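# Results of the structural survey
These are the residues of each chain, in order.
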Amino acid sequence: MILHIARLHHPVTALGPGTRLGVWTQGCALACPGCLSRDTWEAGPEHAVDTRVVLEWCDRPDPDAIDGVSISGGEPSEQPQALAELLAGLAERRARHGWDLLCWTGLEEEPFADRCPEAYRLLDGLVTGPYRVVEAGGGRWRGSANQRLIPLTELGQKRYGPWAGDGPGPEYPAEIQFQFEDDRLYLIGVPRPDDPPRIQKTLAAQGISLDGVTWRP
């Protein structure tokens, strides 16, 4: 089955506990004001990838060195059948290697479960709610205070429990990860609204210019 993919990253250390695989889907009709990933809004044929190819990519690193898979976007729920097929394959690997499966959605929990019932049943955790720039500065792994981190399984409760619900939860260090691929620099994590322009300014001071950024049209 075809899944529209924005990018795949490994290792990911700023979107969930431990060392993870990161899957970003392509396509989002929510278009939240202030979104830092505007480049994932529009989906086209160039983004089409068979779920088997994604699962093969997930098998490349040492599976026992992976703690989980983080699925973001874009809006994953806009591809419910393909998302369910991907998660079914990942659930097989979870059974063998102890991975947890964590997904971000701009929907609330009930609408997500209604739209993606099969995927919902396979997840260990769900981060819900639209990004609201006026409430920016949510808890760990959340961009705005309205968003909730919801453990869905015993494994999810074990790994995300201290930060579940809404609000900031326990103190935690800022988590932003940089990754170079080809000639592109990717910022991974949940930065504060003023972080990207500060990063761009800091890079410029070092003689590094960015031709385009994902948080602007």
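Structure first, text after, so check above.
Quick summary incoming for the structure in this document. Every chain is numbered on its own, with residues counted from 1 as its sequence reads. For this predicted model, a pLDDT threshold of at least 70 governs which residues receive local features, and a threshold of 80 or more governs which side-chain atom pairs are given and counted, while totals over whole chains, interfaces and linings are taken from all residues. Heavy atoms throughout the structure, all of them, feed into the side-chain values; hydrogens and water do not.

So, about the overall build of the protein chain. Secondary structure assignment for the protein chain yields six helices and nine strands. Only C-alpha atoms enter the radius of gyration; for comparison, a globular chain is expected to reach 2.2 Å times N to the power 0.38, where N is the number of residues. The C-alpha radius of gyration computed for the protein chain amounts to 16 Å, which stays within 12% of the reference 17 Å derived for 217 residues, consistent with globular compactness. The dimensions of the protein chain, computed from C-alpha atoms along their principal axes, are 45 × 40 × 35 Å. Relative accessibility under 20% of the residue-type maximum defines a buried residue, over 50% an exposed one, and the middle range a partly exposed one, all with a 1.4 Å probe and only protein chains included. Relative to its full complement of 217 residues, the protein chain shows a buried share of 47%. Elements are defined by DSSP. Helices are runs of H or I of four residues or more, strands are runs of E of two residues or more, and each kind is numbered from the N terminus.

To continue, consider the environment of Ala136. Looking at the element boundaries, Ala136 is found in the loop between β6 (125–128) and β7 (148–151). In this structure Ala136 comes out as partly exposed when scored by relative accessible area, which is 30%. Sequence-wise, Ala136 and Lys158 are 22 residues apart; in three dimensions their C-alpha atoms are separated by 26 Å. Should any heavy atoms of two residues lie within 4.5 Å, those residues are counted as being in contact. Apart from the residues within four sequence positions on either side, Ala136 is in contact with Tyr131, Gly143, Ser144 and Pro193.

Within a beta sheet, neighbouring strands are joined by backbone hydrogen bonds and run either parallel or antiparallel to one another. Here, a strand pair is defined by DSSP locating no fewer than two bridges between the strands. Here we have seven strands laid out as an open sheet, ordered β3-β1-β2-β4-β5-β6-β7, and mixed in their pairing. The strands lining the two open edges of the sheet, one partner per strand, are β3 (48–50) and β7. Averaged over neighbouring strand pairs, the angle between their axes works out to 30 degrees when direction is ignored. Sheet topology note: the strand β1 (residues 2–12)/β3 ladder contains three bridges and is antiparallel. Considered in β3, the bridge of Leu3 is made with Val49. Note on geometry: axes are lines fitted to C-alpha atoms, helical ones only across the stretch in contact, with angles between N-to-C directions running from 0 to 180 degrees. Running at roughly 70 degrees to β3, helix α1 (residues 51–58) makes contact with β1, β2 (20–25) and β3 of the sheet. Against the sheet, helix α2 (residues 80–97) touches β1, β2, β4 (68–72) and β5 (100–104), its axis set at about 170 degrees to β4.

Only Phe, Tyr and Trp rings take part, Trp by its six-membered ring, and two of them pair if their centres are within 6.5 Å. Stacked means planes under 30 degrees apart, edge-to-face means over 60, and tilted covers everything else. Summed over the entire model, instances satisfying the criterion amount to one aromatic pair. Taking the centre distance of 5.3 Å and the plane angle of 65 degrees together, the rings of Trp141 and Trp163 count as edge-to-face. Residue Trp141 is located in the loop between β6 and β7, and its partner Trp163 is located in the loop between α5 (154–160) and β8 (176–181); the two are separated by 22 residues in the primary sequence. When the ring centre of Trp163 is taken as origin, the NZ or CZ atom of Arg140, which lies over that ring, is 4.3 Å away. The rule for a charge over a ring is simple: NZ of Lys or CZ of Arg within 6 Å of the ring centre, and within 35 degrees of the ring normal.

With that settled, the discussion passes to α1. Among all positions in α1, only Thr51, Val54, Leu55, Trp57 and Cys58 are buried. Down the axis, α1 shows its buried residues gathered within 155 degrees of arc, on one side only. With respect to the buried face of α1, the exposed residues turned more than 90 degrees away are Arg52 and Glu56. Buried residues along α1 sit in contact with β1, β2, β3 and α2. A 3.5 Å cut-off defines polar contacts: any pair of N or O atoms within that distance qualifies, except that in protein one atom must be a possible hydrogen donor and the other a possible acceptor, and neighbouring residues in sequence count only when both atoms are side-chain atoms. One side-chain oxygen of the residue at the start of α1 lies 2.8 Å from the amide nitrogen of Arg52, identifying that residue as Asp50. Think of the arc as the fan of directions from the helix axis to the C-beta atoms.

The next subject is the pairing of β5. Counting buried residues in β5 gives five out of five residues, a clear majority hidden from the surface. Because side chains alternate across β5, one face comprises the buried residues Asp100, Leu102 and Trp104, and the other comprises Leu101 and Cys103, equally buried. Judged from the four bridges that link them, β4 and β5 form a sheet pairing that is parallel. Among the inter-strand pairings, Ser70 is bridged to a residue of β5, identified as Leu102. Throughout, right-handed denotes a crossover for which the path from the first strand over the helix to the second runs clockwise when the strands point away from the viewer. For the segment spanning β4, α2 and β5, crossover handedness is right-handed. Where β5 lies against β6, three bridges are found, and the strand directions are parallel. Opposite Cys103, over in β6, you have Leu126 as the bridge partner.

Position of Asp50 relative to the elements: it lies in strand β3. Here Asp50 is in contact with Met1 and Ile2, once residues within four sequence places are set aside.

Next up on the list: the pattern of salt bridges. We define a salt bridge as a side-chain nitrogen of Lys or Arg found within 4 Å of a carboxyl oxygen belonging to Asp or Glu. Applying the stated criterion across every chain, the model contains seven salt bridges. One salt bridge in this structure joins Asp39 and Arg7, with 2.9 Å as the shortest N-O distance. Separated by 32 residues along the polypeptide, Asp39 in the loop between β2 and β3 and Arg7 in strand β1 bring together distant segments of the chain. Classification of Arg7 by relative accessible area gives buried; the value is 14%. Across the pair Arg132 and Glu135 runs a salt bridge, and its minimum N-O distance is 3.4 Å. Under the relative-accessibility criterion, Arg132 is labelled partly exposed at 36%. We classify Glu135 as partly exposed; its relative accessible area is 29%. Residues joined by salt bridges that share partners form a network here, namely Arg20, Asp100 and Arg159.

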